[in-house]
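What follows is each chain in one-letter form.
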2 protein chains.
Amino acid sequence: MQTMPSDLQETFRALADPSRREMLTRLRDSEMTIGEMAGHFPMTRAAVKKHLTILEQGNLISVHARGRERINRLEPLALKEVSGWLDYFSNFWDDKLTRLQTAVEAAEGNSK
Amino acid sequence: MQTMPSDLQETFRALADPSRREMLTRLRDSEMTIGEMAGHFPMTRAAVKKHLTILEQGNLISVHARGRERINRLEPLALKEVSGWLDYFSNFWDDKLTRLQTAVEAAEGNSK
DNA sequence: TTGACATAATACCAAAAGGTATCATATAAA
DNA sequence: TTTATATGATACCTTTTGGTATTATGTCAA
């Protein structure tokens, strides 16, 4: 059985939830506290905090204390690792697109 | 051609399980039946079939009948859509890597 | 037709996921 | 110091998930 870095597993797991993905897109625009994040979601602060913890376990965010607040900051390197995993398939989809484009061009050539 | 992210949720959900990700890497090398796939995993055929169904729901594979067998084939376009979602963050990690590389080069320059 | 084989369908189970409510703790402010 | 605020930590509940076992269906081959 292939052994993948366990943190990549935690990253994929964290990305599986739509609320967490939306949290990442919000953190792309600006870091924010748990309370600020909770203001954007129809769930309790406790639930938002759980989601942020899972994002942190997936190395997708880092958390920094500022007084009694906790600043949540995007850490995009984990996303880059996911991108690297996807690259394992990229020539495959490129091939498929190439064949498709070739077929389209052939059809256009016939119609001219 | 812009096919907008239809149901990326099902794709992300399918990618969250390590067995399913390994199934995708196996299908990258060659399409195969349910029974063949089951030979590579320590679980029943029924469990493998469930995983393949979830991969199909995530548009990551297609299933084709061949007699009494079912051929499972990689459909990488859904992975390309995931890659597109990640691109929303790519300048972020590029920035971070650029800063890191700059710092490394500066350190090397100091040591020479 | 009969029997073996590959898969489909269903019921069931334990554990994980996603959520709430409640209480404790640490810090800011009056 | 007292009080309000921001978060942490549990306990608990319901639904989903990943797995099994069992039975049914369709197809190949003798």
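Residues numbered from 1 in each chain as written. Chains lettered and ligands numbered in written order. Predicted model: local features only at pLDDT ≥ 70, side-chain atom pairs only at ≥ 80, totals over all residues. Heavy atoms only, no water.

Before going further, it helps to examine the sheet that holds strand E3 (residues 69-74) of chain B. Backbone hydrogen bonds are what pair the strands of a sheet, in a parallel or an antiparallel way. Residues and elements named next belong to chain B. Strand order in this open sheet of three strands is E1-E3-E2, and the pairing throughout is antiparallel. The open sheet has two free edges, formed respectively by strand E1 (32-33) and strand E2 (61-66), since each of these has just one partner strand. When E2 meets E3, the two strands line up antiparallel, connected through six bridges. Looking at E3, one finds that Arg66 is bridged to Glu69. The strands that helix H2 (residues 18-29) touches are E1, E2 and E3; relative to E3, the one it contacts most, it runs at about 95 degrees. (Pairing = 2+ DSSP bridges. Helix = DSSP H or I, 4+ residues; strand = E, 2+ residues; numbered from the N terminus. Contact = heavy atoms within 4.5 Å. Axes fitted to C-alpha atoms, helices over the stretch in contact; angles between N-to-C directions.)

Residue and element names in this part refer to chain B. Its location among the elements puts Ser30 in the loop between H2 and E1. By relative accessible area, which is 37% here, Ser30 ends up partly exposed. In sequence terms Ser30 and Leu74 are 44 residues apart; their C-alpha atoms lie 8.5 Å from each other. (Buried < 20%, exposed > 50% of the residue type's maximum accessible area, 1.4 Å probe, protein only.)

Those residues of helix H1 (residues 8-15) of chain B that sit buried are Leu8(B), Thr11(B), Phe12(B), Ala14(B) and Leu15(B). Along the axis of H1(B), the buried positions cluster into a sector of 160 degrees, meaning they face one direction only. (Arc of directions from axis to C-beta.)

Here we take up the interface of chain A and chain B. At the interface, 32 residues of chain A touch 30 residues of chain B. Of the roughly 3,200 Å² buried between chain A and chain B, counting both surfaces, carbon and sulfur atoms make up 72%. On the surface where chain A and chain B come into contact, there are zero salt bridges. Where chain A meets chain B, there are six residue pairs in polar contact (both at pLDDT 80 or more). Among the elements of the structure, helix H1 (6-15), helix H2 (18-29) and helix H5 (77-111) of chain A are those that each provide at least two residues to the side of chain A that touches chain B. Top contributing element to the side of chain A that touches chain B by residue count: H5(A), with 14 residues. (Buried area = accessible area lost by both parts, 1.4 Å probe. Salt bridge = Lys/Arg side-chain N within 4 Å of Asp/Glu carboxyl O. Polar contact = N/O pair within 3.5 Å; in protein donor to acceptor, adjacent residues only side chain to side chain.)

Before going further, it helps to spend a moment on the protein's contact with DNA strand C. Neighbouring residues of DNA strand C: 20 residues in total, closest Thr44(A), Lys50(A), His51(A), Gly35(B) and Lys49(B). Between Arg13(A) and DNA strand C, the recorded distance is 3.1 Å, taken from a side-chain N or O atom to a phosphate oxygen. Within the side chain of Arg68(A), a nitrogen or oxygen atom sits 3.4 Å from a base oxygen of DNA strand C. For the surface near DNA strand C, the elements supplying multiple residues, two or more each, are helix H4 (45-57) of chain A together with helix H3 (34-38), helix H4 (45-57) and E3 of chain B. The element contributing the most residues to the surface near DNA strand C is H4(A), with four residues. Here the residues of the surface near DNA strand C are counted per class, giving four nonpolar, five polar and 11 charged. (Near = heavy atom within 4 Å. Nonpolar A, V, L, I, M, F, W, Y, C, P; charged D, E, K, R; others polar.)

A few words on the side chain of Ser83(A). Note that Ser83(A) resides in helix H5. In this structure Ser83(A) touches Leu86(B) and Trp93(B), once residues within four positions along its chain are discounted.

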